[in-house]
Amino acid sequence: MSKCKLLTVVLSFLALFCINIKAYAITENQYLVINKLINEENIDKAFSELKNLQKKENKLSSRGHILIGKIYLALEQPAKAYSFFEKATFTSVLNHDLAYAGMSMSAIKLGNLSDAKKYANKALNENPDLVEAKLALGLIFTDYGEIKKAEKYFKKAILTSRNSLMSVRAYASSKMREGQHKEAKDIITNALLEQKSDAPTTDLL
């Protein structure tokens, strides 16, 4: 499914929640399964899984808002993504770390680095081990031209995430933006000695 067509389907799905009655609590395991699909850029399946979870309910939970936000980020719709991450902070006292990290990533794509840094730090204050917040700071400091600080956060994210390919791709992509393509390739190939490749990592390589 094309990104444009998928975006239309997502908007239609969200229309189901205009008459909010009660929230469905997505379990941590269900969240992790869908989040993994999004990280692997398997957006069609991620959306399908989320739709199945919510089909009998009329309101998105905080995790549901965060997952929709991540889907919008993957579809290059950062303004819409930001609104769903923000709503997650009002829906529950839980998951604020994930919501703030999502707001940071959205702000980066919108070119608002000062807000992005603020939200990334708020996410780390909530959860010092949050990988998404560390990746956000890596991207922010890359854009600032503070490469040593950026590398520190990218390496922390890779270590904390146990060499997740999402973290590896973010680090490699930052090197590509600096024109260091060989180093970017080495980062990916070294990671693939321990991890089985996925489609977006193969494409980047």
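One can find the structure itself at the top, above this paragraph.
It should be emphasised that the depicted structure is a prediction, and the values quoted were computed from it without experimental measurement.

Engineer: Mind showing me how you'd approach the environment of Leu-32 here?
Structural biologist: Tracing the sequence through the fold places Leu-32 in helix H2 (residues 28-39). Sequence spacing of Leu-32 and Leu-67 is 35 residues, and the spatial spacing of their C-alpha atoms is 9.9 Å.

Engineer: How should I be thinking about the environment of Ile-43 in this particular structure?
Structural biologist: Along the chain, Ile-43 turns up in helix H3 (residues 43-54). Taking the C-alpha atoms as reference points, Ile-43 and Ile-71, 28 residues apart in sequence, are found 6.8 Å from one another.

Engineer: For this particular structure, what's the right way to read the environment of Ala-79?
Structural biologist: Along the chain, Ala-79 turns up in helix H5 (residues 78-91). On the accessibility criterion, Ala-79 (49% relative accessible area) is partly exposed. The spatial distance from the C-alpha of Ala-79 to the C-alpha of Leu-110 is 7.3 Å, given a sequence separation of 31 residues.

Engineer: Mind showing me how you'd approach the side chain of Ser-161 here?
Structural biologist: Looking at the secondary structure, you find Ser-161 in the loop between helix H9 (147-160) and helix H10 (165-177). The contact partners of Ser-161, leaving out residues within four places of it in the chain, are Val-131 and Ser-167.

Engineer: Even after reading the chapter, I still don't get helix H11 (residues 181-191), so can you show me in this structure?
Structural biologist: An α-helix turns once per 3.6 residues; consequently, residues spaced three or four apart project the same way. Among the residues of H11, those classed as buried are Ala-184, Ile-187, Ile-188 and Ala-191. Projected onto a plane normal to the axis of H11, the buried residues spread over an arc of 90° and lie on a single side. Contacts from the buried residues of H11 go to H10 and helix H12 (199-204).

Engineer: Would you mind going over the packing of H2 against H3 with me for this structure?
Structural biologist: Between two packed helices, both the angle of their axes relative to each other and the distance between the axes serve to describe the pair. At their nearest, the axes of H2 and H3 sit 7 Å apart, and the two run at 155° to each other. If you check the angle between H2 and H3, you find them roughly antiparallel. Taken as a pair, H2 and H3 cross one another with a handedness that is left-handed. Each of Gln-30, Ile-34, Leu-37 and Ile-38 in H2 lies in contact with H3, whose residues at this interface are Ile-43, Lys-45, Ala-46, Glu-49, Leu-50 and Leu-53. Classifying every residue of the contact of H2 with H3 gives seven nonpolar, one polar and two charged.

Engineer: What's the story with the pattern of salt bridges in this structure? I'm lost.
Structural biologist: Think of it this way: side chains of opposite charge can pair up when their charged atoms draw near. Taken as a whole, this structure holds twelve salt bridges when the rule is applied. Of the charged contacts, one joins Glu-132 and Lys-70 as a salt bridge, the two residues approaching to 2.9 Å between their closest N and O atoms. Of this pair, Glu-132 sits in helix H8 (residues 131-144) while Lys-70 sits in helix H4 (residues 62-74), placing them 62 residues apart in sequence. In terms of burial, Glu-132 and Lys-70 fall into one category: buried.

Reading the values: rules and limits
- Residues numbered from 1 in each chain as written.
- Predicted model: local features only at pLDDT ≥ 70, side-chain atom pairs only at ≥ 80, totals over all residues.
- Heavy atoms only, no water.
- Helix = DSSP H or I, 4+ residues; strand = E, 2+ residues; numbered from the N terminus.
- Buried < 20%, exposed > 50% of the residue type's maximum accessible area, 1.4 Å probe, protein only.
- Contact = heavy atoms within 4.5 Å.
- Arc of directions from axis to C-beta.
- Axes fitted to C-alpha atoms, helices over the stretch in contact; angles between N-to-C directions.
- Parallel < 35°, antiparallel > 145°, perpendicular 65-115°, else oblique.
- Left-handed = near helix turned anticlockwise from the far one by under 90°.
- Nonpolar A, V, L, I, M, F, W, Y, C, P; charged D, E, K, R; others polar.
- Salt bridge = Lys/Arg side-chain N within 4 Å of Asp/Glu carboxyl O.

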